[in-house]
Amino acid sequence: MQIKTILITGATSGIGLALAKHNVALGNNVIITGRNQEKLDAVVADLGVKAYLADSANLDQLASLGKSLEEEGVKLDGVVLNAGIFHPSPFMNATPAHFDEMIAVNTKGPFFTLQALQPCLANPSSVVFVSSIVVQKGFPGSAVYSASKAAFEAVIHVLNVELADLGVRVNSIRPGITATEIHSKAGMSTEQQTAVFESLKATPLGRELRAEDHLGSIQYLLDDASTPLRNVTIEVDGGYLV
Ligand SMILES: NC(=O)c1ccc[n+]([C@@H]2O[C@H](COP(=O)([O-])OP(=O)(O)OC[C@H]3O[C@@H](n4cnc5c(N)ncnc54)[C@H](OP(=O)(O)O)[C@@H]3O)[C@@H](O)[C@H]2O)c1
């Protein structure tokens, strides 16, 4: 199998970290980004991948990421726009600062990450956006989060037209509720998380999702086997929306 160079944003925990491990195991060249240097150093020590500090909300860091890779002559066969945050807020309590933070990380972040990386994209190359089932289902407290993911999904339509001549294709996955650090970062207690995961026993899958459950779908979208796909979104939700 051809060795690929894959860049994964937000790969210091959860789905991104699992994907980095998976690609190292496949023998691919893996480049990761994150917003915390200590966490990046720990992943580098563990996996031997290349890592760059690139906070999705810091446009200067995103620009330097693109510049560094370009100077090093890196050609990316795949990019996974995975970095994201979920800070819930009821609609009536949502402040402009909350709105701006979520959009900055989850929408503006992948937008300008991809713009900065574009000169390094190989022809052909595959970009995968990690969206969410919140685009399709209303969860209380997720108004801005839902908007942040839906907005980038709308951008993907345009990217598939504008970047087609460069051999770039863009697709997405929509994870359902997955047991990662995102929930404690969102302020949920262990008891609250356990209650949510217990409720998922009623789904067709019969349990909560795990980061590893997303690897097959993301890898398929990165793989040449999915070359004809454009603007496809794979719901990886264990049947939650059925
Ligand atoms: N878990 C779910 O239930 C679920 C469901 C649907 C969609 N998703 C989406 O899946 C993606 C991965 O989330 P996860 O569940 O794996 O959560 P996670 O374990 O918190 O991982 C998120 C990753 O993104 C990084 N990150 C956060 N803010 C960043 C920023 N400003 N700049 C750069 N990196 C940043 C985190 O870094 P730190 O380690 O420094 O925090 C971490 O590496 C997200 O886009 C999320 O919206 C998750």
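These remarks concern the structure in this document. For every chain, the first residue of its written sequence is number 1, and the numbers climb from 1 along that sequence. Only residues with pLDDT of 70 or above have their local features reported here, since the model is predicted, and side-chain atom pairs are shown and tallied only from 80 upward, although totals for entire chains, interfaces and linings are computed over all residues. Here the side-chain values reflect all heavy atoms present in the structure, with hydrogen atoms and water set aside.

Thoughts on the sheet that holds strand β4 (residues 76–81)
Okay, so step 1: Pairing between strands is defined by DSSP: at least two bridges between them are needed. Strands here mean DSSP runs of E at least two residues long; helices mean DSSP runs of H or I at least four residues long; both are numbered from the N terminus. Overall, parallel pairing links the 7 strands, which are arranged β3-β2-β1-β4-β5-β6-β9 in an open sheet. Looking along the sheet, the strands with just one partner apiece sit at the ends: β3 (50–53) and β9 (233–236). Across the sheet, the mean angle from the axis of one strand to that of its neighbour is 20 degrees, orientation sign disregarded.
Okay, so step 2: Of the pairings in the sheet, the one linking strand β1 (residues 5–8) to strand β2 (residues 29–34) comprises 4 bridges and is parallel in character. In the strand pairing of β2, L7 is matched with I31.
Okay, so step 3: Together, β4, β5 (121–130), β6 (168–175) and β9 form the strand contacts of helix α5 (residues 143–162), whose direction differs from that of β6 by roughly 155 degrees. Convention adopted: a line fitted to C-alpha atoms gives each axis, helices being fitted over their contacting stretch, and angles between N-to-C directions are expressed from 0 to 180 degrees. Between two residues, a contact is recorded if the distance between any of their heavy atoms is within 4.5 Å.

A closer look at the pairing of β6
Okay, so step 1: Exposure is judged per residue with a 1.4 Å probe applied to protein chains only, and the accessible area is read against the type maximum: over 50% gives exposed, under 20% gives buried, and values in between give partly exposed. Across the 8 residues of β6, 8 count as buried, placing the element largely inside the fold.
Okay, so step 2: Pairing between β5 and β6: 6 bridges, direction parallel. Looking at the pairing, S126 lines up with R169 of β6.

Remarks on the side chain of S217
Okay, so step 1: Counting through the fold element by element, S217 comes out in helix α8 (residues 215–222).
Okay, so step 2: Using a relative accessible area of 16% as the deciding quantity, one classes S217 as buried.

A look at the side chain of R174
Okay, so step 1: Here R174 is to be found in strand β6.
Okay, so step 2: For R174, a relative accessible area of 10% translates into the label buried.
Okay, so step 3: Apart from residues lying up to four places away in sequence, R174 is in contact with S131, S132, I133, V135, Q136, E153, T233, I234, E235 and V236.

A closer look at the environment of P119
Okay, so step 1: Its place among the elements puts P119 in the loop between α4 (96–117) and β5.
Okay, so step 2: C-alpha of P119 to C-alpha of V170: the two residues are 51 residues apart in sequence and 16 Å apart in space.

So, the packing of helix α3 (residues 59–71) against α4
Okay, so step 1: In contact at an axis separation of 8 Å, α3 and α4 are set at 25 degrees when each is read in the N-to-C sense. On the basis of the axis angle, α3 is roughly parallel to α4. Regarding α3 and α4, the two cross each other, and that crossing is right-handed. Side by side, α3 and α4 meet where L59, L62, A63, L65, G66 and L69 of the first sit next to K108, G109, F112, T113, A116 and L117 of the second.
Okay, so step 2: Residues belonging to the contact of α3 with α4 are distributed by class as follows: 8 nonpolar, 3 polar and 1 charged. An angle counts as roughly parallel when it lies under 35 degrees, as roughly antiparallel when it exceeds 145, as roughly perpendicular when it falls between 65 and 115, and as oblique in every other case. Crossing handedness is read from the near helix: turned anticlockwise from the far helix by less than a right angle, it gives a left-handed crossing, and turned clockwise, a right-handed one. Think of it as three bins: nonpolar holds Ala, Val, Leu, Ile, Met, Phe, Trp, Tyr, Cys and Pro, charged holds Asp, Glu, Lys and Arg, and polar takes everything else, Gly as well.

What about the layout of surface pockets?
A water-sized probe rolled over the atoms picks out the places where empty space is left.
Okay, so step 1: Considering only enclosed or pocket space, the largest pocket measures out at about 1100 Å³ in volume.
Okay, so step 2: Around the largest pocket, the lining comprises 49 residues; the ones closest to its centre are G84, I85, F86, Y145 and I182.
Okay, so step 3: Counting residues per element, the ones that place at least two in the lining of the largest pocket are α1 (14–26), α4, α5, α6 (182–185) and α7 (190–199).
Okay, so step 4: Of the residues assigned to the lining of the largest pocket, the class counts are 23 nonpolar, 19 polar and 7 charged.
Okay, so step 5: Definitions used throughout: a 1 Å grid over protein atoms alone; a cavity as a set of points that fits a 1.4 Å probe which cannot get out; a pocket as an open set with protein on both sides within 12 Å along at least five of seven lines; a lining residue as one with an atom within 4 Å of a point. Grid points are joined across faces, edges and corners, and a volume is the space filled by probe spheres set on the points. The calculated volume of the second largest pocket comes to roughly 210 Å³.

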